[in-house]
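Coordinate analysis (summary)
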Number of protein chains: 2
Amino acid sequence: MLVKSQIKYIQTLGDKKHRDKDGVFIAEGPKLIKELLEEKNVPLVSLFALSDWVESHHSKIPSKQVTEISESELARISFLTTPNEVLGIFRKPVFAEMNPKGKFSLVLDNLQDPGNLGTIVRIADWFGTEYIICSEDSVDVFNPKVVQASMGSVSRVQTLYTSIPAFLARHQDIPVYASVLDGENIFTMNRLNEGMIIIGNESRGIGKELLKISRHKITIPKRGRAESLNAAIAAGIILSQFLMSGSSPRSLPE
Amino acid sequence: MLVKSQIKYIQTLGDKKHRDKDGVFIAEGPKLIKELLEEKNVPLVSLFALSDWVESHHSKIPSKQVTEISESELARISFLTTPNEVLGIFRKPVFAEMNPKGKFSLVLDNLQDPGNLGTIVRIADWFGTEYIICSEDSVDVFNPKVVQASMGSVSRVQTLYTSIPAFLARHQDIPVYASVLDGENIFTMNRLNEGMIIIGNESRGIGKELLKISRHKITIPKRGRAESLNAAIAAGIILSQFLMSGSSPRSLPE
């Protein structure tokens, strides 16, 4: 059973300011909840679940942290179009201070789409990229839609919301690569050991001021007719090329 | 002004069977509509737009194909969460018969997410990959959400819904690469001139029967902890590696 104040509280966690105040975030669905329960970095605050889920998991979770609810109650608190058995409130992960030297980091300038950010966090986690630096006007990484799209990777990849120019100024010894439509062909570049890759806003790309201070512009060359690539796809291809592929310079096929 | 029968008709185009019957599909928003109006391959059937849009475009479109509507009317016919000025009905593109010999094609086994399929169509269009073969249980490429995510690329990339095993059997001279979690490292493979890349369902991967007949299994190696990569991200990375990168065999960094 849920009381009104609980419903209201969970609904407020759709807003960043409420998540920030309590240092928590929402995750949903058996698969994602299972994964987060195994992550020491994101302690469970409380779970709200249908009876079937509670029955098959009660041995693993302290009962005072689980509230059994009805389908209609779940529908009221869920942020999903199709509510999925269980919703959890978790503490945000705590990480040591960022140290991007000798590593690869992603830098996101005004990324707006929660699905894109979640997918990028998941890509970073796949390739072992520890850090994502977001401009302060980017979508919040603990937005419920971002958490879902990340498939739990928000618990393992460290994000920082800050002024990108100021961040780059503090790390001038690390090469910066800005993803644009008319830069150097990434497939002719060498594999790299460190760097910061800037990915821009979904429709406007990287902001003018930031472009000006980006030393190196890079591009995924086009062979067909699409006007652009999705931001998450660009991040995936560039990261894979820089981290996993790219040996000596090679020329493009005709 | 919209009459009731028009509203009802447009709403039915959310269903594949109605789209198939009339050979049409829906697209929305000024940017996408502008792009499709320039594509000879997808003739316009009719447009429904707010007065501002009509005013700034009336010289370019025969007036009998445009209906000026109110915001509340647009909200009733729109498939978007946030309706966006204009909705168009277009004829599906007509393509010549597929001839995958000497080319790269994507093969999608039971892909379900419209956003993923649309993004994959856009990637294919970016890299000049002409063909996408979908299993009959995959999401329809003319689903309004797929069309939106493709950013208009559905007008340029040819899709075929068919039995994948039967399709592969008809093209035994073309190498097949199945994307799995434990195959050959794609970053040690050569750039390829032809092939069919199979991408599986978002949660279950490639079906058992299809896996059995796939001669070559390939993998994007993992360096971090995410359990999997999004299907569209996998398609983008594999396509970029096979088409644009990948020269002589190289080893992975430690």
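Residues numbered from 1 in each chain as written. Chains lettered and ligands numbered in written order. Predicted model: local features only at pLDDT ≥ 70, side-chain atom pairs only at ≥ 80, totals over all residues.

1. Some remarks on the sheet that holds strand E7 (residues 158-161) of chain A
All names here are of chain A. To be explicit about the condition: Between any two strands, pairing holds if DSSP finds at least two bridges. Here a helix means four or more residues in a row that DSSP labels H or I, a strand means two or more in a row labelled E, and each is numbered from the N terminus. Axis definition: a line fitted to C-alpha atoms, limited for helices to the stretch in contact. Angles are taken between N-to-C directions and run from 0 to 180 degrees. In this description, any two residues whose backbone-derived C-beta atoms lie within 7 Å of each other are considered to be in contact.
Spatially, E7-E6-E5-E9-E8-E10 is the arrangement adopted by the six strands of the open sheet, whose pairing is parallel. Of all strands in the sheet, those with a lone pairing partner are E7 and strand E10 (216-219), marking the two edges. Pairwise comparison of adjacent strand axes, ignoring direction, gives a mean angle of 35 degrees for this sheet. Summarising the sheet, strand E8 (residues 176-185) and strand E9 (residues 195-199) pair through three bridges and their orientation is parallel. Residue pairing in the sheet places Val176 in a bridge with Met196 of E9. Its contacts with the sheet put helix H10 (residues 231-244) on strand E5 (104-108), E8, E9 and E10, and the angle it makes with E9 is roughly 160 degrees.

2. Here we look at the interface of chain B and chain A
Keep this limit in mind: Each residue gets one of three labels, nonpolar for Ala, Val, Leu, Ile, Met, Phe, Trp, Tyr, Cys and Pro, charged for Asp, Glu, Lys and Arg, and polar for the others, Gly among them.
Facing the 35 residues of chain B at the interface are 35 residues of chain A. Within the residue set of the side of chain B that touches chain A, elements represented by two or more residues are helix H6 (114-126) and helix H10 (231-244) of chain B. Take the side of chain B that touches chain A: its biggest share by element is seven residues, from H10(B). For the side of chain B that touches chain A, the per-class residue count stands at 15 nonpolar, twelve polar and eight charged.

3. A short note on the domain arrangement of chain A
Residue and element names in this part refer to chain A. Let me state the cut-off plainly: Domain ranges listed in this record stem from an automatic or a database domain assignment.
Domain annotation for chain A reports domain 1 (4-91) and domain 2 (104-244). Just the C-alpha atoms count here: the centres of domain 1 and domain 2 sit 30 Å apart. For the side of domain 1 that touches domain 2, the secondary-structure elements that each account for two or more residues are helix H2 (16-22), strand E1 (24-28) and helix H3 (30-37). For the side of domain 1 that touches domain 2, the leading source of residues is E1, giving four residues. Residues that form the side of domain 1 that touches domain 2 fall into these classes: seven nonpolar, two polar and five charged.

4. What about H6(B)?
Cut-off, in case you're wondering: Given the number of residues in a helix, its expected span is that number minus one, multiplied by 1.5 Å. Our exposure labels follow a C-beta count within 10 Å of each residue's own C-beta, placed from the backbone: buried means 20 or more other C-beta atoms, exposed means 12 or fewer, and partly exposed covers the counts in between.
Here H6(B) spans 18 Å end to end across 13 residues, near enough to the 18 Å set by a 1.5 Å rise per residue. Among the 13 residues that make up H6(B), twelve are buried, leaving the element largely enclosed by the rest of the structure. Residues of H6(B) that are buried include every one of Gly115(B), Asn116(B), Leu117(B), Gly118(B), Thr119(B), Ile120(B), Val121(B), Arg122(B), Ile123(B), Ala124(B), Asp125(B) and Trp126(B), and no others. Here the buried face of H6(B) lies against helix H6 (114-126) and H10 of chain A together with strand E5 (104-108), strand E6 (131-134), helix H7 (144-150) and H10 of chain B. At the C-terminal side of H6(B), Gly128(B) shows a positive phi close to 70 degrees.

5. Quick notes on the packing of H6(A) against H10(A)
Residue and element names in this part refer to chain A. Note the following rule: Throughout, the term roughly parallel applies to angles under 35 degrees, roughly antiparallel to angles over 145, roughly perpendicular to angles from 65 to 115, and oblique to all others. Here a crossing is called left-handed whenever its near helix is offset anticlockwise from the far helix by less than a right angle, and right-handed whenever the offset is clockwise.
At a minimum axis distance of 8 Å, the contact between H6 and H10 shows a crossing angle of 15 degrees. By the criterion of interaxial angle, the relationship of H6 to H10 is roughly parallel. Judged by the sense of rotation from one axis to the other, the crossing of H6 with H10 is right-handed. Contacts from Asn116, Thr119, Ile120 and Ile123 of H6 reach H10 at Ala231, Ala232, Ala235, Gly236 and Leu239. Along the lines of polarity and charge, the residues of the contact of H6 with H10 split into six nonpolar, three polar and no charged.

6. Focus: the sheet that holds strand E8 (residues 176-185) of chain B
Residues and elements named next belong to chain B. The parallel open sheet is built from six strands, whose spatial order is E7-E6-E5-E9-E8-E10. The open sheet has two edge strands, strand E7 (158-161) and strand E10 (216-219), and neither has a second partner. For this sheet, the mean inter-axis angle between neighbouring strands, taken without regard to orientation, is 35 degrees. Contacting E5, E8, strand E9 (195-199) and E10, H10 crosses the sheet at an angle of about 160 degrees to E9.

7. Structural notes on the relation of the copies chain B and chain A
Counted only if it meets this: Overlaid copies result from least-squares superposition on C-alpha atoms, with residues included only where pLDDT is at least 70 in both.
Least-squares fitting of chain B to chain A yields an RMSD of 0.0 Å, with the superposition described by an axial translation of 0.0 Å and a rotation of 180 degrees. Put plainly, the chains are arranged around a two-fold axis. The overlap is high: 97% of the interface residues of chain B also sit at the interface in chain A, so the same surface is used on both sides.

8. Observations regarding the confidence of the model for chain A
Test applied: pLDDT is defined as a per-residue confidence score from the predictor, taking values between 0 and 100.
Residues at a pLDDT of 70 or more form 96% of chain A, whose mean pLDDT is 93. As a predicted assembly, this complex carries a pTM of 0.93 together with an ipTM value of 0.92.

9. Notes on the pairing of E5(B)
Residue and element names in this part refer to chain B. Keep this limit in mind: Crossover handedness is defined here as right-handed if the route from the first strand over the helix to the second strand goes clockwise, with the strands pointing away from the viewer.
Extensive coverage of E5 is indicated by the burial of five of its five residues. The alternating pattern of E5 places Phe104, Leu106 and Leu108 and Ser105 and Val107 on opposite faces, both of which are buried. The pairing of E5 with E9 spans five bridges and is classified as parallel. Along E9, the bridge assignment pairs Val107 with Ile198. Note that E5 and E6 share four bridges and pair parallel. Pairing of Ser105 across the sheet is with Tyr131, part of E6. Since E5 and E6 lie parallel, the crossover through H6 that links them has a hand, and here it is right-handed.

10. Some remarks on the environment of Glu68(A)
Structurally, Glu68(A) is set in strand E3 (residues 66-68). Between the C-alpha atoms of Glu68(A) and Val54(A), which are 14 residues apart in sequence, the distance is 6.7 Å.

11. So, the environment of Ile61(B)
Residues and elements named next belong to chain B. Within the secondary structure, Ile61 sits in the loop between helix H4 (51-57) and strand E3 (66-68). For Ile61 and Ala178, which are 117 residues apart along the polypeptide, the C-alpha to C-alpha distance reads 45 Å. Ignoring sequence-local partners within four residues, the contact set of Ile61 consists of Leu47 and Val66.

12. Side note on the pairing of E8(B)
Inspection of the sheet shows E8(B) paired to E10(B) by five bridges, in the parallel sense. Bridge assignment links Tyr177(B) to a residue of E10(B), and that residue is His216(B).

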